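Structural features, examined
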Protein chains: 2
Amino acid sequence: MNYTVQVVVMPLKELLDPQGKAVLGGLENLGLGKIKDVRVGKNITLQIEADSKEAAKSIAEEAAGKLLANAVMEYFEVTVL
Amino acid sequence: MNYTVQVVVMPLKELLDPQGKAVLGGLENLGLGKIKDVRVGKNITLQIEADSKEAAKSIAEEAAGKLLANAVMEYFEVTVL
């Protein structure tokens, strides 16, 4: 079966996120000062051919750990849709 | 109140996603050939000071429309967490 799996990769909470800070500045300049913090990460959707939902999740976790996320700076969350 | 809002920005389905294709090639080289397609977009989390969940969502939609997403190439989805 074909599964759609979402992998969200975000900068670790302990780290500064310069891209997020830049976006926050841009939003303030647009008059959106009610936005107090911004963090920017990646959203990756995978189409996976697997026998079960669990197998698809396991493949996605392997992909995230090996290639999609850099564990030194980022964490990831895997959701089978 | 403070709301956490997630904005997912993805390349339009009609468009090629060269970054996704590159990642797909990398995953195949790692032996993850069961992954048949990859699309890469952005995941942005916003902390918004607003009176209600609806107000927070409306601010996030304005931010996404004006700055976070490029409507020519991308679509976005807003979720209040």
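These remarks concern the structure in this document. Here the residue numbering is sequential within each chain, running from 1 through the sequence in written order. Just so you know, chain letters begin at A and ligand numbers begin at 1, following the order they were written in. Residue-level local features of this predicted model are given only where pLDDT is at least 70; pairs of side-chain atoms are given and counted only at 80 or more, and the full residue set underlies all totals for whole chains, interfaces and linings. Neither water nor hydrogens contribute to the side-chain values; these are computed over all heavy atoms in the structure.

Moving on, we come to the pattern of salt bridges. All names here are of chain A. Salt bridge criterion: a side-chain nitrogen from Lys or Arg within 4 Å of a carboxyl oxygen from Asp or Glu. The tally for this structure, following the rule as stated, stands at 6 salt bridges over all chains. Residues K21 and D37 are paired through a salt bridge, measuring 3.3 Å at the closest nitrogen-oxygen approach. You can see K21 sitting in helix α1 (residues 18-29) and its partner D37 sitting in strand β2 (residues 35-49), a full 16 residues away along the chain. Residues E62 and K66 are paired through a salt bridge, measuring 2.7 Å at the closest nitrogen-oxygen approach. Highlighted residues: E62 and K66, both in helix α2 (residues 53-68), separated by 4 residues, approximately one helical turn. Secondary structure elements are taken from DSSP: a helix is a run of H or I of four residues or more, a strand is a run of E of two residues or more, and numbering for both begins at the N terminus.

Residue contacts follow a heavy-atom distance rule, with two residues in contact if any of their heavy atoms lie within 4.5 Å. The interface of chain B with chain A comprises 30 residues on the first partner and 30 residues on the second. Buried area counts how much accessible surface, traced with a 1.4 Å probe, disappears from two parts once they are put together, with both parts' losses summed. A combined buried area of about 2,500 Å² lies between chain B and chain A, and 70% of that area is made up of carbon and sulfur atoms. Of all residues in chain B, B:L32, B:K34 and B:N43 bury the most surface against chain A, accounting for 19% of the area lost on that side. The tally of links from chain B across to chain A stands at 0 salt bridges. In protein, a polar contact requires one atom able to donate a hydrogen and another able to accept it; more generally it is a pair of N or O atoms within 3.5 Å, and residues adjacent in sequence count only if both atoms are side-chain atoms. Put simply, chain B and chain A have 10 residue pairs in polar contact (both at pLDDT 80 or more) between them. Residue assignment for the side of chain B that touches chain A shows that the elements contributing at least two residues are β1 (2-11), α1 (18-29), β2 (35-49) and α2 (53-68) of chain B. The element that contributes the greatest number of residues to the side of chain B that touches chain A is β2(B), accounting for 15 residues. Note on residue classes: Ala, Val, Leu, Ile, Met, Phe, Trp, Tyr, Cys and Pro are nonpolar, Asp, Glu, Lys and Arg are charged, and everything else, Gly too, is polar. Considering only residue class, the side of chain B that touches chain A consists of 16 nonpolar, 6 polar and 8 charged. In this analysis, strands are considered paired if DSSP registers two or more bridges between them. Alignment of β2(A) against β2(B), held across 13 bridges, turns out to be antiparallel. The residue of β2(B) that forms the bridge with A:I44 is B:V40.

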